[in-house]
Amino acid sequence: MAGFSNLDAIINAISVNSKKQALTFQKTGANSPAAGTWVTMWTATGIPSAGSYPTAGLGNAATCDSSTAGAMPFTNSTAPATMHMLGVDAFSTQVGSSLFVDRLAHVQLAHNVNGTISPALDGTARLGTGEGAQLIAIVSVTLGVAANTFTITYTNQDGTGSRVTPSFTTTANQTVGKTAPASSVGLFIPLQAGDTGVRSVQSIALTSGSNAVGNFTLDLVRPLSYIPFSIASVGSARDHVLELPNLVRVRDSACLASYFFGTASTATTLVGEIRIAEN
Amino acid sequence: MSGFASYQGILDKLNSSLEQRSIGLKQQSMTAATGVGFAAWQSASGGLAGAVPTLGLAGATACDSSTAGAMPLISAGSNKLHLLSATMRESSTGLQTFILVDRLAHAQVAVSQANGSFSPAIDATARLASGEGGLIMVEVSSALGTGTNTFNMTYTNQAGTGSRTTADMTTVASSALNNSPFAAGLYMPLQAGDKGVRSIEGWTLTSGSQTGNIIISIVKPLAWLVTPISTFTYERNYIFESVSLPLVHNAACLHWAGFWVGGGSGTVTFVTDLKLLVG
């Protein structure tokens, strides 16, 4: 049977069956946020080691899993059991928030990219039927002095293709690690009306602008857990059993990674542990 | 069957036998810097000072509950001992983030120790299950001098694969007794793909001639506890507040480590009450 049927099943899994894993992380930011912007912790050094991006180009999209450098390693569940997040304890040396994700796939693109992503940026390996992921654009090489505007064509959570995002515009001179669109867009690139997620991305269209300087990535991620850090270096906790009873599913081979939302322009160090368990 | 199969099982056990209490008291000098790690191990007043291994590559020893400095513990025999809750009152003027660790083994070296092999190795395997690893924590045992040193270690990872190498880590000038010598974080970053350490075999000084000594230990983090207002008493419930029921192995060498939040110097007193139960 997949999943936990009640609290007793969780206690039994932890205590009798020793099915809990604690995944320690310690990442020192390679990138400094600006107040009110998100940065990726993918390229931060520490535990796990720094991740990297595929070679820039429309033909180089790659899927990610727990063996990808930069992912937090863990042991997969044993079928038919399923793995769930029980909670997170962490602190940040800077006030802000973190988002932990399953990084499904990524591609690195030139700032003036325009064309078909082939093979597609494909998140389906760890998405259930009817489930979609979110798109994040992160600067990987500092952008040039002028902004460009794009739309992205994707397949939505239901498998319906030819869906198109609203236009989004990059931020001129945006530095490495930060979100490529203006901070007002937030972390995720907005989707076509009615869509809840993205299963794959087929193309990106440059609709205005021509600045060729810089690169950005498209990260296709499944958000798992948010944790706020309201006081610098004071630990915060998230319990996903009773406090926020959502028992976030962590699929086998998930590429666990994080982003940080800064309230100042200083890079942070994140230290903590994610607790997962299978039934 | 050992362990708790349900919450009722925990209640039944509490009704039929007393929980085990482990009271800890440590008082140590503090030179705190925000976000810097520390280990409440070597301090003495009010409790036993933590044993400091003989200086040098030949002085590595395993640690257990009988090691001076460890919080007292009664063996659970063939059953399992779980941490139900922890209480902490600390007297400093700064806030704290605490991590309860099982100190598996340690060695002490000069921070300018010449390259060589630990003989015997720093061997943590006595309380590590197959496929499990601890983390490498470093604390200052004799205040560091001016300048900085950079070093790494070779180790055997959680899977038993040897000749793995940590990232280079650089010390901070004048790091104080009990503190981590690093600017941020508590643990040595491991080689990409590794999630733990079973033993440490080698030491490599990459650069520097700083004075002072450090203790290198392999620890297993067990539980987090935050004291957001100094001098108040805080408790963490590991059944309902943070559903994790940390497993405490027989003969575990328990002590607190963590992160300073406020700066300053002085004397800090840690008063701890662990509530454990055999299932």
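The structure presented is a predicted model; accordingly, all values stated were derived computationally and were not measured.

Looking now at the overall build of chain B. The secondary structure content of chain B amounts to one helix and 16 strands. Overall, chain B is about 60 × 45 × 30 Å in size when its C-alpha atoms are taken along their principal axes. By the burial criterion, 58% of the 279 residues in chain B qualify as buried. For chain B, the proportion of contacts with a sequence separation of at least 24, taken over those separated by at least 6, is 83%. Considering chain B, the positive charge centre built from 13 side chains and the negative charge centre built from 14 side chains are found 3 Å apart.

Moving on, we come to the overall build of chain A. If you tally the helices and strands in chain A, you get one helix and 16 strands. In terms of C-alpha radius of gyration, chain A reaches 19 Å, essentially the compact-globule figure of 19 Å for 279 residues. The principal-axis extent of the C-alpha atoms belonging to chain A is close to 60 × 40 × 30 Å. Accessible surface, chain A: about 9200 Å² in total, of which carbon and sulfur atoms supply 52%. Charged side chains of chain A number 13 positive and 14 negative; the gap between the two group centres comes to 3 Å.

So, on to unusual backbone geometry. Residues and elements named next belong to chain A. Residue P48 is reached from I47 by a cis peptide bond, and omega for that bond is -5 degrees. By the element assignment, P48 lies in the loop between β3 (45–47) and β4 (62–63). Each neighbour pair has its own omega, and for A79 with P80 the value is 5 degrees, a cis peptide bond. Structurally, P80 is set in the loop between β4 and β5 (83–92). The phi dihedral of N173 falls on the positive side, at around 65 degrees, and the residue is not glycine. On the secondary structure map, N173 appears in the loop between β11 (168–169) and β12 (198–208).

So, about the pattern of salt bridges. Residues and elements named next belong to chain A. Under the counting rule described, the total for this entry stands at 16 salt bridges over all chains. Between R275 and D89 there is a salt bridge; the shortest N-O distance is 2.8 Å. In this pair, R275 sits in strand β16 (residues 269–278) while D89 sits in strand β5, placing the two residues 186 residues apart along the sequence. Per residue, the accessibility class of R275 equals that of D89, and both read buried. In this structure, R126 engages D102 in a salt bridge whose closest nitrogen and oxygen atoms are separated by 2.8 Å.

What the largest pocket holds in volume is close to 970 Å³. What lines the largest pocket is a set of 32 residues, and nearest its centre among them are K20, Q21 and A22 of chain A together with E132 and K220 of chain B. Per element, the largest residue contribution to the lining of the largest pocket is five residues, and it comes from strand β1 (residues 20–28) of chain A. Classifying every residue of the lining of the largest pocket gives 14 nonpolar, ten polar and eight charged. Approximately 240 Å³ is the volume found for the second largest pocket.

Our focus in this paragraph is the environment of A51 of chain B. Take A51 of chain B: it is sitting in the loop between β2 (37–40) and β3 (61–62). Taking the C-alpha atoms as reference points, A51 of chain B and H106 of chain B, 55 residues apart in sequence, are found 9.7 Å from one another.

Below, the discussion takes up the sheet that holds β1 of chain A. What links the strands of a sheet is backbone hydrogen bonding, and the strands pair in either a parallel or an antiparallel sense. Residue and element names in this part refer to chain A. Spatially, the five strands line up as an open sheet ordered β3-β1-β16-β5-β14, and their pairing is antiparallel. If you trace the sheet from one side to the other, it starts and ends with β3 and β14 (236–239), each paired once. Put simply, the sheet's adjacent strands are angled 15 degrees from each other on average, direction ignored. For β1 and β16, the ladder comprises nine bridges, and the chain directions are antiparallel. Each residue of the ladder has a partner; that of F25, found in β16, is G272.

What follows concerns the side chain of H84 of chain A. For H84 of chain A, the location among the structural elements is in strand β5. In this structure H84 of chain A touches G3, F4, L247, V248, R249, V250, R275, I276 and A277 of chain A, once residues within four positions along its chain are discounted.

This paragraph deals with the interface of chain A and chain B. Listed by partner, the interface residues are 40 residues for chain A and 42 residues for chain B. When the area that chain A buries against chain B is broken down by residue, the three leading residues are I11, S15 and Q26 of chain A, summing to 16%. In this assembly, chain A and chain B are joined by one salt bridge. Residue D89 of chain A pairs with R236 of chain B through a salt bridge whose shortest N-O separation is 3.0 Å. Across the chain A-chain B interface, the total number found is 15 residue pairs in polar contact (both at pLDDT 80 or more). Put simply, the parts of the chain that give the side of chain A that touches chain B at least two residues each are α1 (7–15), β1, β3, β5, β14 and β16 of chain A. Examining the composition of the side of chain A that touches chain B, we find that seven residues originate from one element, α1 of chain A, more than from any other. Its residues placed into classes, the side of chain A that touches chain B shows 18 nonpolar, 16 polar and six charged.

All names here are of chain A. Across all of its chains, the model carries one cavity of 30 Å³ or more by this definition. In this structure, the largest cavity encloses a volume near 70 Å³. If you trace the largest cavity, you find it lined by F25, K27, M41, W42, P48, G70, M72, F100, L256, A257, S258 and L270. Counting only elements with at least two residues in the lining of the largest cavity, the list comes to β1 and β15 (256–262). Among the elements that line the lining of the largest cavity, the one with the most residues is β15, at three residues. A per-class count over the lining of the largest cavity returns nine nonpolar, two polar and one charged.

Parameters at a glance
- The residue numbering used here restarts from 1 in each chain and proceeds along that chain's sequence as written.
- Labels are handed out in written order, letters beginning with A for the chains and numbers beginning with 1 for the ligands.
- Selection of residues for local features in this predicted model requires a pLDDT of at least 70, selection of side-chain atom pairs for listing and counting requires 80 or more, and totals for whole chains, interfaces and linings are taken over all residues.
- Note that the side-chain values use all heavy atoms of the structure and ignore hydrogens as well as water.
- Every helix listed is a DSSP run of H or I at least four residues long, and every strand listed is a run of E at least two residues long, numbered separately from the N terminus.
- Residue burial is assigned from relative accessible area. The probe radius is 1.4 Å, only protein chains are included, and a residue is buried under 20% of its type maximum, exposed over 50%, and partly exposed in between.
- Contact criterion: two residues are considered in contact whenever any of their non-hydrogen atoms come within 4.5 Å of each other.
- Positive residues here are Lys and Arg, negative ones are Asp and Glu, while His and the chain termini are left out of the count.
- By convention, the charge on Lys lies at NZ, on Arg at CZ, on Asp at CG and on Glu at CD.
- Only the C-alpha atoms count toward the radius of gyration. The rule for a globule is 2.2 Å times the residue count to the power 0.38.
- All accessibility values rest on the Shrake-Rupley procedure with a 1.4 Å probe; residue burial counts only the protein chains present in the view.
- Salt bridges, as used here, are contacts in which a Lys or Arg side-chain nitrogen is within 4 Å of a carboxyl oxygen on Asp or Glu.
- Here a cavity means grid points, on a 1 Å grid over the protein atoms only, where a 1.4 Å probe fits yet cannot get out; a pocket means an open set of points with protein on both sides within 12 Å along at least five of seven lines; lining residues are those with an atom within 4 Å of a point.
- Grid points are joined across faces, edges and corners, and a volume is the space filled by probe spheres set on the points.
- Each residue is assigned to one of three groups, with Ala, Val, Leu, Ile, Met, Phe, Trp, Tyr, Cys and Pro labelled nonpolar, Asp, Glu, Lys and Arg labelled charged, and all others, Gly among them, labelled polar.
- Two strands form a pair only when DSSP identifies at least two bridges running between them.
- Throughout, an axis means a line fitted to C-alpha atoms (over the contacting stretch in the case of helices), and angles, computed between N-to-C directions, take values from 0 to 180 degrees.
- Each of two parts loses accessible area, computed with a 1.4 Å probe, when they are put together; buried area is these two losses added.
- Polar contacts, as used here, are pairs of N or O atoms within 3.5 Å; protein pairs need one atom able to donate a hydrogen and one able to accept it. Residues neighboring in sequence count only if both atoms are side-chain atoms.

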